[in-house]
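# Overview (structure and organization)
So the chains spell out like this:
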Amino acid sequence: MQSTNFLTEVGLNHYLILSALLFVTGMTGVLLKRNIIVMLMSIELMLNAVNISFVAFSKYLNNVDGQIMVFFVMTIAAAEAAVGLAIAVTIFKRFKEINIKFFEHLRG
Amino acid sequence: MDHSLLMAILLLSPLVGFLINGIRYKNPTANLSGGIATAAVAISFISSLILVADLIGMPAEARKIHVSFFQWMAVDSFKINAAFYIDQISAIMILVITGVGSLIHLFSIGYMHHDKGVTKYFAYLNLFVFNMLILVLGDSLLTMFVGWEGVGLCSYLLIGFWFSDKEKAAAGMKAFITNRVGDAAFLLGMFVLFATFGTLNIQEMNALAPTTAEASWLGAITLGTLFLFIGATGKSAQIPLYVWLPDAMAGPTPVSALIHAATMVTAGVYMIVRLNPLFIVAPNTMMVIAIIGALTAVFAASIGITQWDIKKVLAYSTVSQLGYMFLAVGVGAFGAGMFHLMTHAFFKALMFLGSGSVIHAMHEEQDIRKMGGLKKYMPITHMTFFFGWVAIIGIPPFAGFFSKDEILWMSFHSPLGSPALWVLGAIGAAMTAFYMTRLMCLTFWGKSRVPKSVHPHESPTLMTIPLIVLGILSVVGGWVGIPEVIGHSLGDIPNLLEHWLHPVIKPIPNLTEAEHSMEWMLMGVSVSLATISAFIAYHFYVKSPETPEKIANSIKPLYNLISKKYLVDELYFGTIINPLINGSKRLWMFIDVNFIDKITYVISDLVRGGGGVVRALQTGNLQQYAMLIGIGIVIALSIIIMR
């Protein structure tokens, strides 16, 4: 790790800590919230937390691979949001509510 | 024309006929289907005529047409080609199969005219001819076996042609299963011969056959040929596997004529003749063949005397005549066996077709007790049947006389034969004359016992033409093989058949010069025996119809035993079939239910129970899953970091 002053200069560690915080926030949302929309947003949050660490490492290591990876993650995130929202809409149409407990009806 | 092209036409023409009729099998028009099928076999007949004409044009020692189409299989050094060859022996066979076959196809058009399944019938018939040609022309035992199985299949399909009748369907199955027993032995024979010679090619095996006879019972050639002979007893209905042939009469009558009299059932004899260099060096096998043949000839003839069904009489007659052919090949007289095969094909096909004509006229009645006096209603059928009758009982100069007499003479004269075999053969000949005369009397002569509701009539021209042609052949067919002793005294008429077959038939070792006086005497004895028993039968069944009943009553136990076919079917059921079925049932009830089924049930219960346990984890609660994933990642990461 570079020998920089943690309080005065923004370095890799700041990004990683931000990323970890965002990830944990997202995970908490996924695990605890009952509203599907909020859960989907939390998943976005987790994905973007990962994106932050990708970009940070990419910059720090002078390697564009991480940034390319971000594009993939964003694509996946968009697709996942589309599918997730479609299911959410279907659930809503059927039960007039978008509580996660209705997903239990999908159980075989 | 090119030989391979001709051979292809010969073989494929019936197959094409089968495919055409097979595709349009629901078509009900007999004329069209029958026309196609008959044309297909007639084309084969023409090409075989051309091929045999070419064969005759060649020098005697080099008479052979060999055509190889493609390699069928190759495993290491074991190579089998789809190759076929015509030599002097198979030439006779293809002429008989396609010639008599065309006539029977023609007859079938009339006979099956009102049947709904007529197109299917002709398709099967064509398929049979195709398989039969493969059988006789194949250049290796394996190719022959393909045809051997194929004709078995067609026989099964045609015996059970009216399968909605349970008894007829069962007759088909009986034929098929009995043949399987023989076929298993045929396979074993092939294995033994392949292990010995390293090839299944018939010509190569014949060339490799040793020149000295094999004395041991367990020698490779003796074993191999014995197994092949057991195969032949299945296909050619000899003791102990003859039981299927009388039941096979459940099929349409022209089928009985083609398959169960003229061609398929003679396949066993043909196989032995084609492999004669092998059989001649296995004297023990030859002895078994001769004894089985002679016994079958007498045994089946005696059953024939007591039967009342016109087709059953002819069926036992066929078994008996096949016995003569085996007697012939068993004493080394392969030429005489082939000769009798040919003449038998003529007169027995004729008589079966004649019986078909009678059954047709009598509205499906087969019981000869309800016939009689048909001569005046059916003059052509009667006339042709008459020729068949004189041919089979061996009255000179009709076809059967020459062939049967040569067999009887050889069974006496050959070093492989014995006077005992001659006696059996002569008794069989007398019985043959008796039951055939009985059949003639009860069917065509004497007083009419036809029920008032039935009005017999002569069959249409389509059916009488084949009868007439076969009738002529039954008269002249024997003239190609006039024995030397008669030919000589009539002014040097050559024995054409013997000269023809000479290059491909191994001579009997140690055959002495024939004593002509002895030959004349035996001939006189057998002919007079046949004539006397024919007269007795005529006297019994036309002059005093009550006599046979009296005699039957005076020897009631014996008569009952014979008329119940010596209870052989019951014996087989009692000793083999029922114990097998009961044993299998016990195995099923005990081993299957208690062990095999139990084991599989336990395994499936275990899997289902285990699945139930794991299933409880799948709650459907998404957040729980996510939680578990999270915990899993934490654990995995900690393990990686801690290491």
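Each chain has its residues counted from 1, running along the sequence as written. Each chain gets a letter, beginning with A, and each ligand a number, beginning with 1, in the order they are written. Only residues with pLDDT of at least 70 get local features here, since the model is predicted, and only at 80 or more are side-chain atom pairs given and counted; chain-wide, interface and lining totals rely on the full set of residues. By convention in this description, side-chain values take in all heavy atoms of the structure and omit both hydrogens and water.

With that settled, the discussion passes to the overall build of chain A. A count of helices and strands for chain A gives three helices and zero strands. If you list the helices and strands of chain A from N to C, you get α-α-α. Taken along the three principal axes of its C-alpha coordinates, chain A extends 55 × 25 × 20 Å. Three labels apply to residues, based on accessible area from a 1.4 Å probe with only protein chains included: buried if under 20% of the type maximum, exposed if over 50%, partly exposed otherwise in between. Looking at chain A residue by residue over its 108 residues, the buried ones come to 25%. In the structure as shown, chain A presents an accessible area of about 7,500 Å², 70% of it carried by carbon and sulfur atoms. Averaging the positions of the 8 positive and the 6 negative side-chain charges in chain A gives two centres separated by 15 Å. Elements are defined by DSSP. Helices are runs of H or I of four residues or more, strands are runs of E of two residues or more, and each kind is numbered from the N terminus. Values of accessible area rely on a 1.4 Å probe in the Shrake-Rupley scheme; residue burial ignores everything except the protein chains shown. Charged residues are defined here as Lys and Arg on the positive side and Asp and Glu on the negative side; His and the ends of the chain fall outside this count. Charge coordinates come from a single atom per side chain, which is NZ of Lys, CZ of Arg, CG of Asp or CD of Glu.

Take the packing of aromatic side chains next. All names here are of chain B. In this scheme Phe, Tyr and Trp rings, the latter by its six-membered ring, pair at centre separations within 6.5 Å, and the angle between planes marks the pair as stacked below 30 degrees, edge-to-face above 60, and tilted otherwise. Scanning the entire structure with this criterion turns up 26 aromatic pairs over all chains. For the pair F385 and F444, a centre-to-centre distance of 5.2 Å together with 50 degrees between the ring planes defines the contact as tilted. Highlighted residues: F385 in helix α16 (residues 379-392) and F444 in the loop between α18 (419-443) and α19 (461-476), separated in sequence by 59 residues. With a relative accessible area of 1%, F444 lands in the buried category. Plain terms: the ring middles of F434 and Y541 are 6.2 Å apart, the flat faces sit at 70 degrees to each other, and that makes the pair edge-to-face.

Next up on the list: the interface of chain A and chain B. Contact residues are listed per partner, giving eleven residues for chain A and nine residues for chain B. The term salt bridge refers to a side-chain nitrogen of Lys or Arg lying within 4 Å of a carboxyl oxygen of Asp or Glu. The tally of links from chain A across to chain B stands at zero salt bridges. Two N or O atoms count as a polar contact when they lie within 3.5 Å, although within protein this holds only if one can serve as hydrogen donor and the other as acceptor, and sequence-adjacent residues are included solely when both atoms are side-chain atoms. Scanning the region where chain A abuts chain B turns up four residue pairs in polar contact (both at pLDDT 80 or more). Take the side of chain A that touches chain B: its biggest share by element is three residues, from helix α1 (residues 12-32) of chain A. Per-class residue counts for the side of chain A that touches chain B are six nonpolar, one polar and four charged. Residue contacts are counted whenever heavy atoms from the two residues lie within 4.5 Å of one another. Polar here means any residue outside two lists: the nonpolar Ala, Val, Leu, Ile, Met, Phe, Trp, Tyr, Cys and Pro, and the charged Asp, Glu, Lys and Arg; Gly therefore counts as polar.

All names here are of chain B. We treat two strands as partners when DSSP finds at least two bridges between them. By the bridge criterion, eight bridges tie strand β1 (residues 65-75) to strand β2 (residues 78-86) in an arrangement that is antiparallel. Pairing of H66 across the sheet is with Y85, part of β2. Counted between consecutive antiparallel strands, the loop separating β1 from β2 contains two residues, among which D76 sits at a positive phi close to 55 degrees.

So, on to the pattern of salt bridges. Residue and element names in this part refer to chain B. Evaluation of the coordinates by the stated rule reveals seven salt bridges over all chains. Between R274 and D87 there is a salt bridge, with the nearest N and O atoms lying 3.8 Å from each other. Of this pair, R274 sits in helix α11 (residues 267-274) while D87 is found in the loop between β2 and α3 (88-111), placing the two residues 187 residues apart along the sequence. Here the two residues R274 and D87 agree in accessibility, since each one is buried. Salt-bridge contacts for K174 lead to D247; the nearest nitrogen and oxygen are separated by 3.1 Å. Within this pair, whereas K174 is found in helix α6 (residues 166-197), its partner D247 is found in helix α9 (residues 244-247), the two being separated by 73 residues in sequence. Its relative accessible area of 19% is what places K174 among the buried residues.

Take a nonpolar patch on the surface next. Residues L587, F590, I591, F595, I596, I599, V602, I603, L606 and V607 of chain B make up a contiguous nonpolar surface patch of roughly 990 Å² in combined accessible area. For F595 of chain B, the position within the fold is in helix α25 (residues 568-617). The patches described consist of residues with a relative accessible area above 30% and no salt bridge, like charges being joined within 9 Å and nonpolar side chains (Val, Leu, Ile, Met, Phe, Trp, Tyr) within 5 Å.

Right, let's talk about the environment of W217 of chain B for a bit. Residues and elements named next belong to chain B. Tracing the backbone through its elements, the reader meets W217 in the loop between α7 (202-208) and α8 (220-235). Its relative accessible area of 42% is what places W217 among the partly exposed residues. W217 sits 402 residues away from T619 along the chain, and the two C-alpha atoms are 76 Å apart. Not counting residues up to four positions away in its chain, the partners in contact with W217 are T222, L223, L226, N284, M287 and V288.

In this section: the domain arrangement of chain B. Residue and element names in this part refer to chain B. Domain start and stop points were drawn from an automatic or database domain assignment. When the domains of chain B are assigned, the result is domain 1 (1-110 + 128-138), domain 2 (140-563) and domain 3 (577-642). With centres defined by C-alpha atoms, the gap from domain 1 to domain 2 works out at 24 Å. Residue-level contacts link 43 residues of domain 1 with 50 residues of domain 2. The quantity reported as buried area is the accessible area (1.4 Å probe) lost by two parts once they are put together, taken as the sum for both. For the pair domain 1 and domain 2, the two sides together bury roughly 4,000 Å², of which 80% comes from carbon and sulfur.

Peptide bonds are mostly trans, and most non-glycine residues show a negative phi. Look at the link from I239 of chain B to P240 of chain B: it is a cis peptide, with omega at 5 degrees. Within the secondary structure, P240 of chain B is located in the loop between α8 and α9. At K96 of chain A, a position not held by glycine, the phi torsion is positive, near 60 degrees. Relative to the assigned elements, K96 of chain A resides in the segment after α3 (65-95). Phi at K565 of chain B is positive, roughly 60 degrees, even though this residue is not glycine. Following the sequence through the fold, K565 of chain B ends up in the loop between α24 (556-563) and α25. For K565 of chain B, a relative accessible area of 24% translates into the label partly exposed.

This next bit is on the packing of helix α13 (residues 283-306) of chain B against α24 of chain B. Residues and elements named next belong to chain B. For helices, the fitted line uses only the C-alpha atoms of the stretch in contact; every axis is such a line through C-alpha atoms, and the angle between N-to-C directions lies from 0 to 180 degrees. Remark: α13 packs on α24, axes separated minimally by 8 Å, with the N-to-C direction vectors making an angle of 105 degrees. Regarding the angle of α13 to α24, the classification is roughly perpendicular. On the side of α13, the interface is formed by S302, I303 and T306, while α24 contributes Y559, I562 and S563. Here is the rule for angles: anything less than 35 degrees is roughly parallel, anything more than 145 is roughly antiparallel, 65 through 115 is roughly perpendicular, and the remaining ranges are oblique.

For chain B, per-residue confidence averages 91 on the pLDDT scale, and 100% of positions sit at 70 or higher. Across the interface, the model reports ipTM at 0.79; the global pTM reads 0.81. Scored from 0 to 100, pLDDT records how confident the predictor is in each individual residue.

Once that is clear, we can look at the environment of L12 of chain B. With respect to the element layout, L12 of chain B can be found in helix α1 (residues 3-23). Along the chain, L12 of chain B and A40 of chain B lie 28 residues apart, while their C-alpha atoms are 8.9 Å from each other.

All right, on to a negative patch on the surface then. Among the surface-exposed residues, E484, D492, E498 and E513 of chain B lie close enough to one another that they form a single negatively charged patch. With respect to the secondary-structure elements, E498 of chain B resides in helix α21 (residues 496-501).

Residues and elements named next belong to chain B. Buried Ala, Val, Leu, Ile, Met, Phe, Trp, Tyr and Cys residues that are joined via side-chain atoms within 4.5 Å together make up what is termed a nonpolar core. The biggest cluster of nonpolar side chains holds 178 residues, and the ones touching the most others in it are M132 and L141. With 16 residues, the top contributor of residues to this core is helix α15 (residues 334-361). Composition of this core by domain shows at least three residues from each of domain 1 (1-110 + 128-138) and domain 2 (140-563). Once residues lying within four places of it in the same chain are set aside, the contact partners of M132 are M93, I97, V151, T263, M264 and A267. Y324, V331, I407 and M410 belong to the second largest nonpolar core, which has 19 residues in total.

To continue, consider the side chain of N131 of chain B. Residue and element names in this part refer to chain B. Relative to the elements of secondary structure, N131 occurs in helix α4 (residues 118-137). Among the residues examined, N131 registers a relative accessible area of 9% and is labelled buried. Once residues lying within four places of it in the same chain are set aside, the contact partners of N131 are V146, G147, G150, V151 and C154.

Time to look at the packing of α11 of chain B against helix α14 (residues 310-330) of chain B. Residue and element names in this part refer to chain B. Between α11 and α14, the least distance of the axes is 10 Å, while the angle of their chain directions is 10 degrees. It follows from the interaxial angle that α11 and α14 lie roughly parallel. Here α11 contributes G268, V269, I272 and V273 to the contact with α14, which in turn contributes M325, F326 and V329. In the contact of α11 with α14, the residues fall into six nonpolar, one polar and no charged.

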